[in-house]
Amino acid sequence: MTTLEKGPAPAGQGEPLVVLSGVQKWFGQLHVLQDIELTVHRGEVVVVIGPSGSGKSTLCRTINRLETVGEGTITLDGQPLPQEGKALANLRAEVGMVFQSFNLFAHKTILENVTLGPIKVRGQSKADAERKARELLDRVGVGHQADKYPAQLSGGQQQRVAIARALAMEPKVMLFDEPTSALDPEMIKEVLDVMVSLAQGGMTMIVVTHEMGFARTAADRVVFMADGQIVEENTPEEFFTNPQSDRAKDFLGKILKH
């Protein structure tokens, strides 16, 4: 994987695209997101790391409203997230999401999986959607699998199809929620390589991951969460070599020894 020399988000990196302000979230008595303040600029790659149960996935899911928030605001491109209905469907079209599980439709071919959204939601013609889908499948390295069904592909291939499916909607931002955690080790690199190339291409990305190599090479900024709070954020170089908080030092001490 190529190493990217990426510093902090430069001033010219684009205006704020995703802004979370004063976000609070409870599951019953459990305060899972506490006073979250986070701004992601257009073209920025933000990697969210932290121990299990720290609120990383919940944070990710609030940005396309798979989870509602108790207090605070989230805006996408200056617009507050809609509550429901068609406006919410349109929002989800602007926010690509790739999960741990690939969530492909088992009874549809790979090509059909990727064209479904553009045809149904974006109103593209079948011919246009298929042409674009084949380009994207080629881009993620599974173009030759277009006529197969998900069960005929490896986990790594399925996850790359899921990335192509999200990209087919031409989203403004891509969310990745631990996209490699369900994969065998040899498949992880092929998915991360696709994500690195997206980052290099200027896609705005928010990535929840345990893959510290990806955080080091592809992130503009690392956001470290613990106990529902953003404890620390910095450039990858600064975060990994000079963590400021005891929580981050403890976390890095545990994971970097192995």
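Note that the structure is predicted; figures quoted are calculated from it, not measured.

**Student:** I tried to follow the UniProt feature "domain: ABC transporter" (unreviewed entry) in the protein chain on my own but got confused; where do I start?
**Tutor:** Under the feature "domain: ABC transporter" (unreviewed entry), the UniProt entry names residues 18-252. In residues 18-252, the share of helix is 40% and the share of strand is 26%. The end C-alpha atoms are 27 Å apart.

**Student:** Mind showing me how you'd approach the sheet that holds strand β10 (residues 229-234) here?
**Tutor:** Strand order in the open sheet made by the 6 strands is β6-β7-β8-β3-β9-β10, with mixed pairing throughout. Strands with a single pairing partner mark the edges of an open sheet, and in this sheet they are β6 (95-98) and β10. Each adjacent strand pair in this sheet contributes to an overall mean axis angle of 20°, direction not counted. Pairing of strand β3 (residues 45-49) with strand β8 (residues 205-208), which is carried by 4 bridges, proceeds in the parallel orientation. Opposite V48, over in β8, you have V208 as the bridge partner.

**Student:** I would appreciate a short explanation of the side chain of T180 in the present structure.
**Tutor:** Note on placement: T180 falls in the loop between β7 (173-177) and α6 (185-200). You can call T180 buried: its relative accessible area is 5%. When neighbours within four sequence positions are excluded, T180 is seen to be in contact with I188, V191, L192, T209 and E211.

**Student:** It is not clear to me how the environment of R122 should be interpreted in this structure. Could you clarify?
**Tutor:** By the secondary structure assignment, R122 is in the loop between α3 (110-120) and α4 (126-139). Overall, R122 belongs to the partly exposed group, its relative accessible area being 34%. The spacing of R122 and M225 is 103 residues in sequence and 35 Å in space, taken between C-alpha atoms. Not counting residues up to four positions away in its chain, the partners in contact with R122 are A93, E94, G117, M169 and E170. From its side chain, R122 meets the backbone oxygen of A93 in a polar contact 3.2 Å long.

**Student:** I would appreciate a short explanation of the pattern of salt bridges in the present structure.
**Tutor:** Two side chains that carry opposite charge are able to pair once their charged atoms sit near each other. By the definition in use, this model includes 17 salt bridges. Across the pair D128 and R131 runs a salt bridge whose closest N-O atoms are separated by 3.2 Å. In this pair, D128 and R131 both sit in helix α4, 3 residues apart, roughly one turn of the helix. Exposure remark for D128: the relative accessible area of 39% places this residue in the partly exposed category. Judged by its relative accessible area of 48%, R131 is partly exposed. One salt bridge in this structure joins D147 and R134, with 4.0 Å as the shortest N-O distance. Of the two residues, D147 sits in the loop between α4 and α5 (155-168) while R134 sits in helix α4, which places them 13 residues apart along the sequence. A residue is classified by how much of its surface remains accessible, and R134, at 36% relative accessible area, is partly exposed. One continuous salt-bridge network, built from bridges that share partners, spans E15, R42, D77 and K172.

**Student:** Would you mind showing me how to read α4 here?
**Tutor:** Structural remark: α-helix, 3.6 residues per turn; residues separated by three or four positions point the same way. The end-to-end C-alpha distance of α4 is 20 Å, a good match for the 20 Å that 14 residues give at a rise of 1.5 Å each. Turning to α4, its buried residues number three or more, namely A129, A133, L136 and L137. The buried residues of α4 occupy one face: seen down the axis, they fall within an arc of 100°. Facing away from the buried side of α4, by more than 90 degrees, are the exposed residues A127, D138 and R139. Buried residues belonging to α4 abut α3 and α5. At the C-terminal side of α4, G141 shows a positive phi close to 85°.

**Student:** What am I meant to see in the packing of α3 against α5 here?
**Tutor:** To characterise two packed helices, one gives the angle between the axes of the helices and the distance between these axes. The contact between α3 and α5 brings their axes to 8 Å, and the two run at 25°. Between α3 and α5, the crossing angle belongs to the class labelled roughly parallel. In this structure, the crossing between α3 and α5 has a hand that is right-handed. Of the residues in α5, those touching α3 at I110, N113, V114 and P118 are V161, A164, R165 and A168.

**Student:** Whenever I open this one, the sheet that holds strand β1 (residues 16-27) confuses me. Can you help?
**Tutor:** Two pairing modes exist for strands in a sheet, parallel and antiparallel, and in both the strands are linked by backbone hydrogen bonds. Strand order in the open sheet formed by 4 strands is β2-β1-β4-β5, and the pairing between neighbours is antiparallel. Each having just a single partner strand, β2 (30-41) and β5 (79-80) make up the two edges of the open sheet. Relative to strand β4 (residues 71-76), β1 is paired through 5 bridges, and the arrangement is antiparallel. Within β4, the residue paired with L20 across the bridge is I74.

Cut-offs used in this document
- Residues numbered from 1 in each chain as written.
- Predicted model: local features only at pLDDT ≥ 70, side-chain atom pairs only at ≥ 80, totals over all residues.
- Heavy atoms only, no water.
- UniProt positions renumbered as here; feature names shortened; annotations may be inferred.
- Helix = DSSP H or I, 4+ residues; strand = E, 2+ residues; numbered from the N terminus.
- Pairing = 2+ DSSP bridges.
- Axes fitted to C-alpha atoms, helices over the stretch in contact; angles between N-to-C directions.
- Buried < 20%, exposed > 50% of the residue type's maximum accessible area, 1.4 Å probe, protein only.
- Contact = heavy atoms within 4.5 Å.
- Polar contact = N/O pair within 3.5 Å; in protein donor to acceptor, adjacent residues only side chain to side chain.
- Salt bridge = Lys/Arg side-chain N within 4 Å of Asp/Glu carboxyl O.
- Expected span 1.5 Å × (residues − 1).
- Arc of directions from axis to C-beta.
- Parallel < 35°, antiparallel > 145°, perpendicular 65-115°, else oblique.
- Left-handed = near helix turned anticlockwise from the far one by under 90°.

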